[in-house]
Amino acid sequence: MVELGTLIHPAKYVRCGDGEYPVLSMTMHDGLVFQDDKFKKVIASKDRSGYKVVYRNQLVISFPIDEGVLAAQRIVDAGIVSPAYGIWDIDQTQVLPEFLEYSLRCERALDYYKAKLRGSTARRRSLPTPTLLAFSVPLPEIKEQQQILEIIHHVKATCGLRQQELQKLDDLVKARFVELFGDPIINSKHLETKDLKDVLILKAGDFTAASDIADEPSEVTPYPCYGGNGIRGYVSEYNQEGEYSLIGRQGALSGNVQFASGKFKNTEHALLVTPIVEMNNIWLNQLLLNLDLKRYQTGAAQPGLSVKNLQEIQIICVPIDEQNQYAEFVKQTDKSKSATFASPSHYYVLHPYIGFTNNFRRKQS
């Protein structure tokens, strides 16, 4: 193990000026990417003269660093990044840039950053440069670094293939629903409909302070906690038990539909969906997914859903025996997914030098 400061040093600040370079953006899961690929357009300022030029194999560090927003630039000979990013030269005689990137994004590294951050505002907390450079980095021989990277590449490729297969099964479930019951948005099979308020109750959960939510489950915090964008973390007390659909009502992903079972908690930003007529919960969940509730988002700065608007949605009516038959199909498909494929988010690369790599551990929908 060596200190990071022996492997990197500040790069010479080269401004874009009048040069023409591709604009790069930092992402939590994929490192540096072309900005127009991420946003489908370039959102950088028209005046890019002050942007920093970053060359291939230089290390780029953004913030908040404890979310793993750093990467070695390996996609273009030269690009430009925000002036807020830090750029470092890597001593490639000692360490491969990609190996260093994984070392700095692994579980141990993220825990180190989080423990050493300074400042009171969460998104503005920073890591002092001397503290960053004091972090200990594994340094096997270059040949062994290459072998480790080959393992990581293989696992990532496997995860990608399995994720594609899982998506195909999800698409099959959705296609089967439309085949049997039509498109519920336009009621393409001309089924009987009712207002949502006449068949379902939507009820927000309880306020939950961020300080009461743990990142991982434990004996003290065993219950999943659902917020406006899905699972926020884990809490010590639950407020629901059973099988329910949940609709996120606040945030950029409001309108997303989750399926929760067992003991769990829903916050004030997650609507618990309770049928007031006989209805299969699995069928109902697929119905809500197919209704694409994100269409009803309002508000640009703070997107959200109005319960009043949701209550006026038309819901197709299907006999319970047909709902049950479809639910059995979904269950069988889920068994196939569980038996054949492990969820990509559970694929960790564990190595005595790197540990758990951030690219797999934290990539959640």
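For the structure, check the block above.
Because the structure is predicted, anything quoted here is derived from the model rather than measured.

Student: Would you mind showing me how to read the overall build of the protein here?
Tutor: A tally of helices and strands in the protein yields nine helices and 18 strands. Taking as baseline every contact in the protein between residues at least 6 positions apart, the subset at least 24 positions apart corresponds to 70%. Approximately 19400 Å² of the protein is accessible, and the part contributed by carbon and sulfur atoms is 49%.

Student: Is there a simple way to think about unusual backbone geometry in this case?
Tutor: What is expected of a backbone is that most residues other than glycine have negative phi and most peptide bonds are trans. Residues Phe63 and Pro64 are joined by a peptide bond in cis, for which omega reads 0°. Residue placement: Pro64 occurs in the loop between strand S6 (59-61) and strand S7 (70-72). Despite not being glycine, Asn187 shows a phi value in the positive range, around 50°. With respect to the secondary-structure elements, Asn187 resides in the loop between helix H5 (142-181) and strand S11 (193-195).

Student: Mind showing me how you'd approach the sheet that holds S6 here?
Tutor: Sheets are built from strands paired through backbone hydrogen bonds, the pairs being either parallel or antiparallel. Sheet architecture is open: four strands sit in the order S2-S9-S6-S7, paired in antiparallel fashion. Sheet topology places strand S2 (8-10) and S7 at the edges, where each strand pairs with a single neighbour. Each neighbouring strand pair of the sheet contributes to a mean axis angle of 30°, computed without reference to strand direction. With three bridges connecting them, S2 and strand S9 (residues 86-90) associate as antiparallel partners. Each residue of the ladder has a partner; that of Ile8, found in S9, is Ile90. Relative to the sheet, helix H2 (residues 97-105) contacts S2, S6, S7 and S9, its axis offset from that of S7 by approximately 165°.

Student: In this structure, what is going on with the nonpolar core? I would like to understand it.
Tutor: Side chains of nonpolar character tend, in soluble globular proteins, to be buried together. Counting 29 residues, the largest nonpolar core has Ile8, Leu59, Ile65, Leu100, Leu104 and Tyr113 as its most contacted members. At the level of elements, S6, S7, S9, H2, helix H3 (107-116) and H5 are the ones that each hand at least two residues to this core. If we skip the residues at most four places from it in the chain, Leu100 touches Leu4, Leu7, Ile8, Ile90, Val95 and Val137. In this structure, Ile247, Leu284, Leu293 and Leu310 belong to the second largest nonpolar core, which totals 28 residues.

Student: In this structure, what is going on with a nonpolar patch on the surface? I would like to understand it.
Tutor: Residues Ile201, Ile276 and Val277 make up a contiguous nonpolar surface patch of about 230 Å² in total accessible area. Note on placement: Ile276 falls in the loop between strand S17 (270-275) and helix H6 (281-290). Ile276 gets classed as partly exposed once you look at its relative accessible area, which sits at 45%.

Student: Where do I start with the pattern of salt bridges in this structure?
Tutor: Once their charged atoms are close, side chains differing in charge can pair, the charge on each being opposite to the other. Taken as a whole, this structure holds eight salt bridges when the rule is applied. Among the salt bridges present, the one from Asp77 reaches Arg56, with a minimum N-O distance of 3.1 Å. Of the two residues, Asp77 sits in the loop between S7 and strand S8 (78-81) while Arg56 sits in the loop between strand S5 (52-55) and S6, which places them 21 residues apart along the sequence. On the basis of relative accessibility, which here comes to 36%, the residue Arg56 falls in the partly exposed class. A salt bridge links Asp215 to Lys114; the shortest N-O distance between them is 3.4 Å. Of this pair, Asp215 sits in the loop between strand S12 (200-204) and strand S13 (223-227) while Lys114 is found in helix H3, placing the two residues 101 residues apart along the sequence. On the basis of relative accessible area, Lys114 is assigned to the partly exposed category, the value being 46%. Three or more residues joined by partner-sharing salt bridges are found here, namely Arg74, Glu98, Glu101 and Arg105.

Student: Explanation requested: the packing of H2 against H5 in the structure shown.
Tutor: Any two packed helices are characterised by how steeply their axes cross, that is the angle between the axes, and by the distance between the axes. One can describe the packing of H2 onto H5 by two numbers: an axis separation of 10 Å at closest approach and a directional angle of 70°. Relative to H5, the element H2 is oriented roughly perpendicular. Two packed elements cross with a definite hand, and for H2 against H5 that hand is left-handed. On H5, the residues touching Glu98, Phe99 and Tyr102 of H2 are Gln145, Ile148, Leu149, Ile152, His153 and Lys156. Looking at the contact of H2 with H5, its residues break down into five nonpolar, two polar and two charged.

Student: Got a minute to help me understand H2 in this structure?
Tutor: Each full turn of the α-helix corresponds to 3.6 residues, which orients residues three or four apart in the same direction. Of all nine residues making up H2, nine are buried, and the element is well covered by its neighbours. Looking only at H2, the buried set comprises Pro97, Glu98, Phe99, Leu100, Glu101, Tyr102, Ser103, Leu104 and Arg105.

Student: I keep staring at the packing of H2 against H3 and nothing clicks. Help me out?
Tutor: Relative orientation of the contacting elements H2 and H3 amounts to 55°, with a least axis distance of 5 Å. In terms of orientation, H2 lies oblique with respect to H3. Of the residues in H3, those in contact with Ser103, Leu104 and Arg105 of H2 are Glu107, Ala109, Leu110 and Tyr113. Residue composition of the contact of H2 with H3, by class: four nonpolar, one polar and two charged.

Student: I tried to follow the sheet that holds S17 on my own but got confused; where do I start?
Tutor: On the basis of which strands lie adjacent, the open sheet formed by six strands has the order S12-S17-S15-S16-S13-S14 and mixed pairing. Only two strands of the sheet have a single neighbouring strand rather than two, namely S12 and strand S14 (230-235). Each strand of the sheet is rotated relative to its neighbour by a mean of 40°, with strand direction disregarded. Across four bridges, strand S15 (residues 240-248) lies against S17 in antiparallel orientation.

Student: Hey, could you run me through the side chain of Thr333 in this one?
Tutor: You can see Thr333 is positioned in helix H8 (residues 320-340). Under the relative-accessibility criterion, Thr333 is labelled buried at 7%. Among the polar contacts listed, one links the side chain of Thr333 to the backbone oxygen of Phe329, at a separation of 2.9 Å. The residues contacting Thr333, other than those within four sequence positions of it, are Leu169 and Val173.

Reading the values: the criteria
Residues numbered from 1 in each chain as written. Predicted model: local features only at pLDDT ≥ 70, side-chain atom pairs only at ≥ 80, totals over all residues. Heavy atoms only, no water. Helix = DSSP H or I, 4+ residues; strand = E, 2+ residues; numbered from the N terminus. Contact = heavy atoms within 4.5 Å. Areas by Shrake-Rupley, 256 points an atom, 1.4 Å probe, with all protein chains shown as cover. Pairing = 2+ DSSP bridges. Axes fitted to C-alpha atoms, helices over the stretch in contact; angles between N-to-C directions. Core = buried A, V, L, I, M, F, W, Y, C linked by side-chain atoms within 4.5 Å. Buried < 20%, exposed > 50% of the residue type's maximum accessible area, 1.4 Å probe, protein only. Patch = residues over 30% accessible without salt bridge, like charges linked within 9 Å, V, L, I, M, F, W, Y side chains within 5 Å. Salt bridge = Lys/Arg side-chain N within 4 Å of Asp/Glu carboxyl O. Parallel < 35°, antiparallel > 145°, perpendicular 65-115°, else oblique. Left-handed = near helix turned anticlockwise from the far one by under 90°. Nonpolar A, V, L, I, M, F, W, Y, C, P; charged D, E, K, R; others polar. Polar contact = N/O pair within 3.5 Å; in protein donor to acceptor, adjacent residues only side chain to side chain.

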